[in-house]
Every structure is written in C-alpha cells, then in structure tokens.
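# Per-entry structural report
Chain by chain, the residues run as shown.
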Amino acid sequence: MKQIILTGDRPTGRLHVGHYVGSLKERVRLQNSGRYDEIYIMIADAQALTDNAEHPEKVRQNIMQVALDYLACGLDPAKSTLFIQSMVPQLTELTFYYMNLVTVSRVQRNPTVKAEIAMRNFEASIPVGFFCYPISQAADITAFCATAVPVGEDQMPMLEQCKEIVHKFNSVYGETLTDPQIILPQNASCQRLPGIDGKAKMSKSLGNCIYLSDEPEEIRKKVMSMFTDPNHLRVEDPGTVEGNPVFIYLDAFCRPEYFEEFLPEYSGLEELKDHYRRGGLGDVKVKKFLNRVIQAELEPIRERRKSWEQRLPEVYEILREGSAAAEKKAAKTLARVRHAMRIDYFENDNLLK
Ligand code: TRP
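Residues numbered from 1 in each chain as written. Predicted model: local features only at pLDDT ≥ 70, side-chain atom pairs only at ≥ 80, totals over all residues. Heavy atoms only, no water.

## Some words on the pattern of salt bridges
Definition in use: The salt bridge criterion pairs a side-chain nitrogen of Lys or Arg with a carboxyl oxygen of Asp or Glu, the two atoms within 4 Å.
Considering all chains together, one arrives at 28 salt bridges under this definition. Three or more residues joined by partner-sharing salt bridges are found here, namely K2, E38 and K329.

If you want it as structure tokens, here you go:
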C-alpha cells in the first residue's frame, strides 16, 4: 500500500513555536525520511471560515503567511504538495455524503469540538458549518487516501471520528476508504507546549505565543518574561521543574550540543534540572540559556522565511500547482466513492436497469 501523509493548519494567523514542535518539525522529519510516497500539506481555509464567516479577509491574508511558515520550516515543494483546501471542491462533496454517516450526538461528544464551542462562547449559536468541521476533516484525510496524519495531540478526537466514518462507509458501501493512523510527536513536551504565560495552550487570542517569524529581540523579551515556578522567589529556594514552562520549553527545544555551546558548566538538561530543584539556580540564568536555545532553533527558520518573502510569486505558483495536483488526487477518490455509493449515474447504464 502507498504511504501517504495528509495534514494541515487553519490560516487564522502566523504559525508559532507550539505548531512547530507539535507538528511542523515532525512533518519535515517525515518528509525527509523518504518513507512516504505522497505528502499533502493543506492550508485549511474552508475550515477557518467555519468560525470566521464574517472575516474572510483575515483568512485570505493568512494563507500566504502560513505558506511562508511552511516553507521556512523546511517543507519542500519538490517533496510535499502544498495546497489550499477550498481550491479542491471535491472535499465539500465528500463532506456532504459523510454527513449522513454521523449523528449529531456523536459530534456533540467530540471533546475538541466541545472545548472549542466553550472557548468561542458559541453555546447557543453554533454555526452549522463549524459543527460539521470534524466531518469535513474526515473528507480531507480520506480524499487523499492518507495512511498517516501527523498532528498535535489536540487533533486526536478528529482522527477517531474520521476512523469511525471510514469504517461506517466501508461497511455500508464496501471497502473504499483508507483507515488513517495518527502520528504524534515522540517527545511528550512537544505535544502541548504551554503559552509563555504558563496557560495550557499557546494561542493567538491569548497573546502568549512566540511566532516563527518573531525578530530576535521580540523573542528575547518574551522568553525573559516567561512564567516559571511562582514559589521560586529567591535564587537559593528549591524550585519545581515539572509543569514549569521554562523547563517544558527546554525539554521541547534543547539539544545536547547547546550545553557545550552556551552553558558548558552543566553536562546536560538533567544536571540543570537537579540544580534548580536543589536551589541555588536563578530563573534569569535558565531563561538566558533558553533564549539562546530558541534563538538558535528559530534563526535558520526566520532567515529562510525572509528569503521566500522576496519570492512571493514563486510561493503563489507553488500553491497554485499544488492545489491543481491535490484536486486531481481528490477527484480520483471521489469517483471511487460515487461508484461505491452507486451514484455514478452516467458512468454506466445502471439508471436504465
Ligand atoms: N483542524 C486542523 C487545525 O486546526 C486543520 C486541519 C483541517 C487538518 N483538516 C485537517 C489537520 C486534516 C489534519 C488533517 O490545525
């Protein structure tokens, strides 16, 4: 069986380091592993519109931003097809057929949908399109016959819902759709990076993000203002490492060689953590180290982003060609779906029988 990746992001803002460690870094690793036959990376503008119906301009403007972030991270258009969701109309048609295979109460139980409804204060006024986005996400995944979906941990309920739709479709209409596997980051600290304020999630609306495109001085300010252990008041006090954002970030970003380079008096992260726990290690020193680590990680990304910013017409072509290729692939799946459902009326003489 062909090994195929499909994943994507909503274009509602620039991407941040939470996206990077939670998913983008993994995608680039998988892309370069040579283990995949096809890779599709989708800018999910139609999904973004499900809760931004009044702000299509915001979604439109962020399409290029997300594309730049993708290219900056090392997604390579020679290996991965980058495309725009709404340019593949087959996804909408698939969604419409899948809607009949899912109950309202099942979507209501989806934990991600529940949390998002609460976050947006939608309770009594959920747009129908928003409510259906888990179904449309199943269409995205199955249209490309994806075997692997690298995403953050928050997308797990979406994958479960997708698998249910696949099984239901295959049992009603016969084996047609591919059952996808979720791929989570291996490093647990990468799965849900907290905001710099210590809140559970990095999110644009909370204003607690470090963006991939932030300038070095902005990054430094954000790192130095980070929330740490609130009980670690004086340098001599023992500190807590678990749940401390500064150490979660170090777990997510630090490579052993950074100690040699920036903090040679420690052999590695475990020794640094032990010292913090014992007391005698100040937050400022840890933050300064974290700043150098993050700067080292983000500099090549920012520089690549700047070079792509000089070549926007090329980025536009990448998306245009990618979207055309994606449409071709989705059209093939849709033909198989229509055939399985026996609604491919003019492909044969079934209607006459
Ligand atoms: N829901 C994802 C996000 O918010 C974006 C997305 C849309 C997606 N369709 C997908 C991710 C299919 C993986 C597979 O970032």
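Further notes follow.
## A look at the pairing of strand β2 (residues 38-43)
Both faces of the sheet carry side chains from a regular strand, because those side chains alternate between them. This is how the line gets drawn: Partly exposed residues are those whose accessible area sits between 20% and 50% of the maximum for their type, while under 20% is buried and over 50% is exposed, using a 1.4 Å probe and protein chains only. For the purposes of this entry, the term helix denotes a DSSP run of H or I that reaches at least four residues, the term strand denotes a run of E that reaches at least two, and both are numbered from the N terminus. Two strands pair if DSSP finds at least two bridges between them. Orient the strands so they point away from the viewer; a crossover is then right-handed if the path from the first strand over the helix to the second runs clockwise.
Within β2, 6 of the 6 residues are buried, which leaves the element mostly enclosed by the surrounding structure. Burial along β2 is two-sided: E38, Y40 and M42 facing one way and I39, I41 and I43 facing the other are all buried. In this sheet, β2 lies alongside strand β1 (residues 4-9) in parallel orientation, the contact comprising 6 bridges. From the neighbouring strand, I4 faces β2, where its bridge partner is E38. Handedness of the β1-helix α1 (residues 17-33)-β2 crossover: right-handed.

## A few points about the side chain of E26
Quick reminder of the rule: Only heavy atoms matter for contacts: two residues are in contact if any of them lie within 4.5 Å across the pair.
Structurally, E26 can be placed in helix α1. Setting aside chain neighbours within four positions, we find E26 in contact with I183, L184, P185 and Q186.

## Focus: the environment of I141
Mapped onto the elements, I141 comes out in helix α8 (residues 133-143). Between the alpha carbons of I141 and E164 there is a distance of 13 Å; along the sequence they are 23 residues apart. When sequence neighbours within four positions are dropped, the list of residues in contact with I141 reads L6, A146, V149, L159, C162 and P180.

## Examining the nonpolar core
So the rule is basically this: We define the nonpolar core as a collection of buried residues of types Ala, Val, Leu, Ile, Met, Phe, Trp, Tyr and Cys that are connected through side-chain atoms lying within 4.5 Å of one another. All the domain ranges listed were derived from an automatic or database domain assignment.
If you look at the biggest cluster of nonpolar residues, it comprises 65 residues, and the most contacted ones within it are Y249, L250, F253, L272 and F289. Each of domain 1 (4-191 + 312-352) and domain 2 (216-307) gives at least three residues to this core. Look past the residues within four positions of L250 in its chain and what remains in contact with it is L269, L272, V286, F289, L290 and V293. In terms of nonpolar packing, the next biggest core, distinct from the first, is built from 38 residues, V88, Y97, A139 and A143 among them.

## Things to note about the domain arrangement of the protein chain
Applicable threshold: Here's the idea: put two parts together, see how much 1.4 Å probe accessible area each one loses, and the total over both is what we call buried area. Here a polar contact is recorded for every N or O atom pair within 3.5 Å, except that within protein the pair must consist of a potential hydrogen donor and a potential acceptor, and residues adjacent in sequence are included only if both atoms are side-chain atoms.
Domains assigned within the protein chain are domain 1 (4-191 + 312-352) and domain 2 (216-307). A C-alpha centroid distance of 35 Å is found between domain 1 and domain 2. In this complex, domain 1 contributes 15 residues to the contact, which on the side of domain 2 involves 9 residues. Interface area for domain 1 against domain 2, summed over the two sides, is near 1100 Å², with a carbon-plus-sulfur share of 58%. Its largest share of buried area at the contact with domain 2, domain 1 owes to V17, A72 and S189, together 44% of the area lost on that side. Here domain 1 and domain 2 share 1 salt bridge between them. Notably, a salt bridge pairs D69 with R305, separated by 2.7 Å at the nearest N-O pair. Across the domain 1-domain 2 interface, the total number found is 4 residue pairs in polar contact (both at pLDDT 80 or more). Contributing elements (two or more residues each) for the side of domain 1 that touches domain 2: α1, α3 (56-73) and α10 (188-191).

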